[in-house]
Amino acid sequence: MERTFVMVKPDGVKRGLIGSIVTRFEQKGFLLIAMKLMSIDRTLAERHYGEHREKPFFGELVDFLTSGQVCAMVWEGPNAIANARGLIGSTNPAEASPGTIRADFALDISSNIVHGSDSLESAQREIGLFFDGAQPPGLLFRAASDGASIT
Ligand code: IDP
């Protein structure tokens, strides 16, 4: 059993796609562990996408991520990281397979609706960044049957 970090980006929130995206994860069989609607400041956006710091699109990416609210989530399931990436589809919506979230809801690589962790290390790091154990208003926790914390 694995947990992964998924985030509806500002374009997805503005377009009212949180429900559609949550539905796909639920229909696939994932268990929703935590969820919160929040704004991201530049420091958090830069830390989240730190691996892209040297890329030419980094500034634009941080501008985009801080341009509106996001919906941060933790989902659990077998091979959750790879399975979530499968539901989300390729980075460039133009290359994503039909039936994936990015293929069905997005047109442009810089506004591709949703993020999903790409490795176990990233998932643990990102869950820690966005859900640090504090419980700010709006944070929903599913009671863990094993008493485990979400990180
Ligand atoms: P991923 O989101 O599919 O894991 P990454 O390569 O980690 O893809 O890129 C992170 C995000 O950066 C992408 O989701 C996309 O929004 C943005 N991005 C990636 N490549 C480009 C690009 O060439 N131009 C503009 N934005 C990009």
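Going along each chain's sequence as written, the residues are numbered from 1 onward. Thresholds applied to this predicted model are a pLDDT of at least 70 for local features of residues and 80 or more for the giving and counting of side-chain atom pairs; totals over whole chains, interfaces and linings are not thresholded and use all residues. Where side-chain values are given, they derive from all heavy atoms of the structure, hydrogens and water being excluded.

### A few points about the overall build of the protein chain
Elements are defined by DSSP. Helices are runs of H or I of four residues or more, strands are runs of E of two residues or more, and each kind is numbered from the N terminus. Counting secondary structure elements, the protein chain contains seven helices and five strands. Starting at the N terminus, the α and β elements of the protein chain follow one another as β-α-α-β-α-α-β-α-α-β-α-β. Categorising residues by exposure relies on relative accessible area from a 1.4 Å probe, with only protein chains included: less than 20% of the type maximum marks a residue as buried, more than 50% marks it as exposed, and the intermediate range marks it as partly exposed. Looking at the protein chain residue by residue over its 151 residues, the buried ones come to 46%. The contact definition used throughout considers only heavy atoms, calling two residues in contact when any of these lie within 4.5 Å. Contacts in the protein chain between residues at least 24 apart in sequence constitute 75% of all its contacts with a sequence separation of at least 6. For the protein chain, the accessible surface area stands at approximately 7700 Å², while carbon and sulfur atoms represent 50% of it. Only the protein chains shown count as covering a residue, and every accessible area follows the Shrake-Rupley method with a 1.4 Å probe.

### Quick word on the pairing of strand β2 (residues 31-38)
Within β2, six of the eight residues are buried, which leaves it mostly tucked inside the rest of the structure. Here seven bridges tie β2 to strand β3 (residues 70-77), and the two strands are oriented antiparallel to one another. Within β3, the position partnered with Leu31 by the bridge is Glu76. DSSP calls a pair of strands paired once it identifies at least 2 bridges connecting them.

### Quick look at the UniProt feature "active site" (unreviewed entry) in the protein chain
The positions that UniProt labels "active site" (unreviewed entry) are, in the present scheme, His115. Among the structural elements, His115 can be located in strand β4 (residues 114-116). Relative accessible area serves as the criterion here: at 9%, His115 is assigned to the buried category. Beyond its immediate stretch of four places on either side in the chain, His115 contacts Phe5, Val6, Met7, Lys9, His48, Tyr49, Ile88, Arg102 and Glu126. UniProt positions are given in the numbering used here, feature names are shortened, and annotations may be inferred rather than shown by experiment.

### Some thoughts on the packing of aromatic side chains
Describing an aromatic ring pair means giving the distance of the ring centres and the angle of the ring planes. Aromatic pairing here means that ring centres of Phe, Tyr or Trp (its six-membered ring) are within 6.5 Å. Orientation follows from the plane angle: under 30 degrees is stacked, over 60 is edge-to-face, and everything else is tilted. The tally for this structure, following the rule as stated, stands at four aromatic pairs. With a centroid separation of 4.5 Å and 25 degrees between ring planes, the pair formed by Phe5 and Phe130 is classed as stacked. Residue Phe5 is found in strand β1 (residues 2-8), and its partner Phe130 is found in helix α7 (residues 120-130); the two are separated by 125 residues along the sequence. Grouping residues by exposure puts Phe5 and Phe130 together as buried. Aromatic pair Phe25 and Phe30: ring centres 5.3 Å apart, planes at 40 degrees, arrangement tilted. Like Phe25, the residue Phe30 is buried in the burial classification. Grouped by ring-pair contacts, the aromatic residues Phe25, Phe30 and Trp75 constitute a single cluster.

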